[in-house]
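So the chains spell out like this:
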Amino acid sequence: MGRSESEPIAVGVLGGGFMGGGIAEAVARAGHSVLLYEPVADARAASAQRLRKSVGRAVSSGKLAYGQGEALIGRVSYLESAEDLAEAALVIEAIVEDLEVKVDWFRRLDRIVPESTLLASNTSSIPIAGLASAVSCPGRVLGLHFFSPVPVMRLVEVVKALDTSPETLRFAGEFVESLGKQPIATKDRSGFIVNMLLVPYLMAAVRMFEDEFATREDIDKGMALGCGHPMGPLTLCDFIGLDVLYAVCQSLYEEFKQTEYAPPPLLKRMLAAGRLGRKSGRGFYEYAAERGATASPDGAARSRATTGGRGV
Ligand code: CAA
């Protein structure tokens, strides 16, 4: 591919949501330039605003100097046309967790970018092979699964699909390290390593709550204080987003047909009611619009140790 891994590269990010925006921040922070394409204009503006806010927090907490923060923001360009992703050496897709939508976008990217551009998906559970089948050179397609919040979490799962080339994997591993994160290698199975382990645990907590075995606070306290997890499982479900988790459960269940992966009925009902977790203001807990404020009417889980501290 003729790229020097130590040099900054141009990285395309498709999707400016919580994950796409977080990826853009982490990539720009490492000195790479970011071409972010978010098709919805309002979402694009919101993404730019979230980046400013996040960088502002890093500056005010002394993690970044003011000039470094401004330089980071200056390295992120918000594209109005997807065609401009053609300049990227690597495009990371972080759009909705829907196979058909992703496949359409991979087809489109295949027409936009040169053959030398690597194409990665940040999917949590959708088979990478299905996305690779939509492009002309599947050797350049892989999964790069980041964890939320991306600027903080130090792991990236590097997913090798059936046809991913060794050169693509080597480049991706070095790219992940350039972000100050640790790559781990995983096969292209639904859930990869982390979600295959995490989702049955989270769903067991949802079932426990659904069965009224214990309160949401006690379930969360159990794991936060008893096992030292930064967040209890129901708080973590809200943090990830119940729509995202539901899609991951469905994908895992379809792949393995094991009941531990099946989404519990309560999760489905909460989705139907628009209770998507922190992002919609209500999930297992209630949230204020502003990050950091609590809106829990009964004072639920206000302790940082219990809940991970923010907004619950
Ligand atoms: N963006 C940027 N930085 C953030 C942030 C955000 N959204 N949230 C927190 N931070 C930073 C803070 O600035 C702070 O940095 P410093 O310590 O350097 O000042 C640091 O993270 C810790 O934050 P706080 O002290 O305010 O809060 P905390 O100690 O409660 O930590 C947390 C917050 C990092 C989110 C912690 O609760 C945690 O690690 N929770 C678990 C998160 C987790 O499990 N993520 C994986 C989800 S699964 C997934 O993503 C995969 C999937 O496919 C579903």
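Residues numbered from 1 in each chain as written. Predicted model: local features only at pLDDT ≥ 70, side-chain atom pairs only at ≥ 80, totals over all residues. Heavy atoms only, no water.

What follows is about the domain arrangement of the protein chain. Structurally, the protein chain comprises domain 1 (10–187) and domain 2 (194–290). Distance from the C-alpha centre of domain 1 to the C-alpha centre of domain 2: 26 Å. Listed by partner, the interface residues are 11 residues for domain 1 and seven residues for domain 2. Interface area for domain 1 against domain 2, summed over the two sides, is near 720 Å², with a carbon-plus-sulfur share of 58%. Considering only the surface of domain 1 that becomes buried against domain 2, Glu97, Ser124 and Ser125 emerge as the three largest contributors, covering 43% of it. The interface formed by domain 1 and domain 2 contains zero salt bridges. The tally of links from domain 1 across to domain 2 stands at three residue pairs in polar contact (both at pLDDT 80 or more). Of the residues that constitute the side of domain 1 that touches domain 2, the class distribution is four nonpolar, four polar and three charged. (Domains from an automatic or database assignment. Contact = heavy atoms within 4.5 Å. Buried area = accessible area lost by both parts, 1.4 Å probe. Salt bridge = Lys/Arg side-chain N within 4 Å of Asp/Glu carboxyl O. Polar contact = N/O pair within 3.5 Å; in protein donor to acceptor, adjacent residues only side chain to side chain. Nonpolar A, V, L, I, M, F, W, Y, C, P; charged D, E, K, R; others polar.)

As a further point, take the nonpolar core. Most often, soluble globular proteins keep nonpolar side chains buried together rather than apart. In terms of nonpolar packing, the biggest core is built from 34 residues, with Leu90, Ile92, Leu144 and Phe175 touching the most fellow members. Ranked by the residues each element gives to this core, the list is headed by helix α1 (residues 18–29), at five residues. Ignoring anything within four residues of it in the chain, the contact list for Leu144 reads Leu90, Ile92, Ala120, Ser121, Asn122, Val156, Glu157, Val158, Ala172, Phe175 and Val176. In terms of nonpolar packing, the next biggest core, distinct from the first, is built from 25 residues, Tyr37, Leu109, Val113 and Ala132 among them. (Core = buried A, V, L, I, M, F, W, Y, C linked by side-chain atoms within 4.5 Å. Buried < 20%, exposed > 50% of the residue type's maximum accessible area, 1.4 Å probe, protein only. Helix = DSSP H or I, 4+ residues; strand = E, 2+ residues; numbered from the N terminus.)

With that out of the way, let us pick up the sheet that holds strand β5 (residues 118–121). Pairing is mixed across the open sheet formed by eight strands, whose spatial order is β3-β2-β1-β4-β5-β6-β7-β8. Looking along the sheet, the strands with just one partner apiece sit at the ends: β3 (76–79) and β8 (182–187). On average, adjacent strands in this sheet sit at an angle of 25° to one another, irrespective of strand direction. For strand β6 (residues 141–146) and strand β7 (residues 155–160), the ladder comprises four bridges, and the chain directions are antiparallel. (Pairing = 2+ DSSP bridges. Axes fitted to C-alpha atoms, helices over the stretch in contact; angles between N-to-C directions.)

Let's shift gears to the packing of helix α2 (residues 41–60) against helix α3 (residues 66–74). Interaxial distance between α2 and α3 falls to 9 Å at its minimum, and their mutual angle equals 160°. Relative to α3, the element α2 is oriented roughly antiparallel. For the crossing formed where α2 meets α3, the hand is right-handed. Within the contact between the two elements, α2 uses Leu51, Arg52, Val55 and Val59 and α3 uses Tyr66, Gly69, Glu70, Leu72 and Ile73. Class assignment of the residues belonging to the contact of α2 with α3 gives a composition of six nonpolar, one polar and two charged. (Parallel < 35°, antiparallel > 145°, perpendicular 65-115°, else oblique. Left-handed = near helix turned anticlockwise from the far one by under 90°.)

Per the stated rule, a full pass over the model turns up four aromatic pairs. Centroid distance Tyr37 to Trp105: 5.9 Å. Interplanar angle 55°. Geometry classified as tilted. With Tyr37 in strand β2 (residues 33–37) and Trp105 in helix α4 (residues 99–112), this pair connects stretches of sequence that are 68 residues apart. Take Tyr37 and Trp105: they sit in the same class, and that class is buried. Ring centres of Phe256 and Tyr261 lie 5.7 Å apart, and the angle between their planes is 40°; this geometry places the pair in the tilted category. The exposure class of Tyr261 is buried, given its relative accessible area of 4%. (Phe/Tyr/Trp six-rings, centres within 6.5 Å; stacked < 30°, edge-to-face > 60°.)

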